[in-house]
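Understanding the architecture of this molecule
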Amino acid sequence: MKKENYIKMVNNIKENKRLEKALIFANSFLTGLVYISFPILLFALAYNKKYSQLIRIVLVCGISFIVVSIFRYFYNAKRPYTMYNYEPIVFRNKEGQSMPSRHVFSAFVIACAFAYINPKFSIIYFVVATLIAIHRVLVGVHFIKDVVAGALIGIISGIIGFFII
């Protein structure tokens, strides 16, 4: 997306205070939903003594998260608000490490973890992960390529870790 489009999108959202508040709320709610449900999934697996599934999920999600974090650190892509000099709707105190979106990556790899346990139930998490991806662009903290890369890496990590290996 071009500089003018990002700035116009963010400014239009800021002018509509209800929409701005809704997006700020969605940021907390959607992210919180994924990050709260993940430990609940792990606890449920431990409680039901499904240790092999628990270990696989911890390893796949943990190793992929570390790899993505290291890549982001060294690649260090600038964020749209840094490149285009505007204030995003959701405040971020980072200038770089935009590519890939770690929020989106995490949401998709966790959705894959739910698919590994219960494919029907995981549909909810894939919808939430997609909403997070859209949201990260709308609030101006990521480029479209960042969220697409995060989603693809999360899905590929999940497929390899849960269904191939």
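Residues numbered from 1 in each chain as written. Predicted model: local features only at pLDDT ≥ 70, side-chain atom pairs only at ≥ 80, totals over all residues. Heavy atoms only, no water.

Judged by side-chain polarity, M1, I144, V148, L152, I156, I159, I160, F163, I164 and I165 come together as a nonpolar surface patch covering roughly 960 Å² of accessible area. Checked against the element boundaries, V148 lands in helix α7 (residues 144–164). On the accessibility criterion, V148 (41% relative accessible area) is partly exposed. (Patch = residues over 30% accessible without salt bridge, like charges linked within 9 Å, V, L, I, M, F, W, Y side chains within 5 Å. Areas by Shrake-Rupley, 256 points an atom, 1.4 Å probe, with all protein chains shown as cover. Salt bridge = Lys/Arg side-chain N within 4 Å of Asp/Glu carboxyl O. Helix = DSSP H or I, 4+ residues; strand = E, 2+ residues; numbered from the N terminus. Buried < 20%, exposed > 50% of the residue type's maximum accessible area, 1.4 Å probe, protein only.)

Okay, the nonpolar core next. Counting 44 residues, the largest nonpolar core has Y6, I57, C61, V104, I132 and F162 as its most contacted members. The element that contributes the greatest number of residues to this core is helix α5 (residues 102–117), accounting for 10 residues. For F162, the contacting residues outside a window of four places in its chain are R56, I57, V60, C61, V109, C112, A113, Y116 and S157. (Core = buried A, V, L, I, M, F, W, Y, C linked by side-chain atoms within 4.5 Å. Contact = heavy atoms within 4.5 Å.)

The next subject is the pattern of salt bridges. Once their charged atoms are close, side chains differing in charge can pair, the charge on each being opposite to the other. Tallied over the entire structure, the rule returns 1 salt bridge. A salt bridge links E20 to K17; the shortest N-O distance between them is 3.2 Å. Residue E20 and its partner K17 are located together in helix α2 (residues 17–47), separated by 3 residues, close to a single helical turn. Among the residues examined, E20 registers a relative accessible area of 13% and is labelled buried.

Turning to the packing of α2 against α5, a few remarks are in order. Their axes nearest at 10 Å, the elements α2 and α5 cross at an angle of 35 degrees. Considering the relative orientation of α2 and α5, their crossing is left-handed. Mapping the contact onto sequence places T31, V34, Y35, S37, F38, L41 and L45 in α2 and R102, H103, S106, A107, I110, A113, F114 and I117 in α5. Across the contact of α2 with α5, the residue classes break down as 10 nonpolar, 4 polar and 1 charged. (Axes fitted to C-alpha atoms, helices over the stretch in contact; angles between N-to-C directions. Left-handed = near helix turned anticlockwise from the far one by under 90°. Nonpolar A, V, L, I, M, F, W, Y, C, P; charged D, E, K, R; others polar.)

A few words on unusual backbone geometry. Apart from glycine, the bulk of residues carry a negative phi angle, and the bulk of peptide bonds sit in the trans form. Following M99, the chain continues to P100 via a peptide bond in cis, the omega torsion being -10 degrees. Phi is positive for K49, which is not a glycine, with a value near 55 degrees. Structurally, K49 is set in the loop between α2 and α3 (51–75). At N85, a residue that is not glycine, the phi angle is positive and equals roughly 55 degrees. Turning to its location among the elements, N85 is positioned in the loop between α4 (80–84) and α5.

End to end, α2 covers 44 Å across 31 residues, agreeing with the expected 45 Å (1.5 Å per residue, within 8%). Looking at α2, one finds that the buried residues are E20, L23, A26, N27, L30, T31, V34, S37, F38, L41, L42 and L45. The inward-facing, buried residues of α2 abut α1 (3–15), α3, α5 and α6 (119–138). Two residues or fewer after α2 comes K49, characterised by a positive phi angle close to 55 degrees. (Expected span 1.5 Å × (residues − 1).)

On their own, these measurements won't tell you what the molecule is for.
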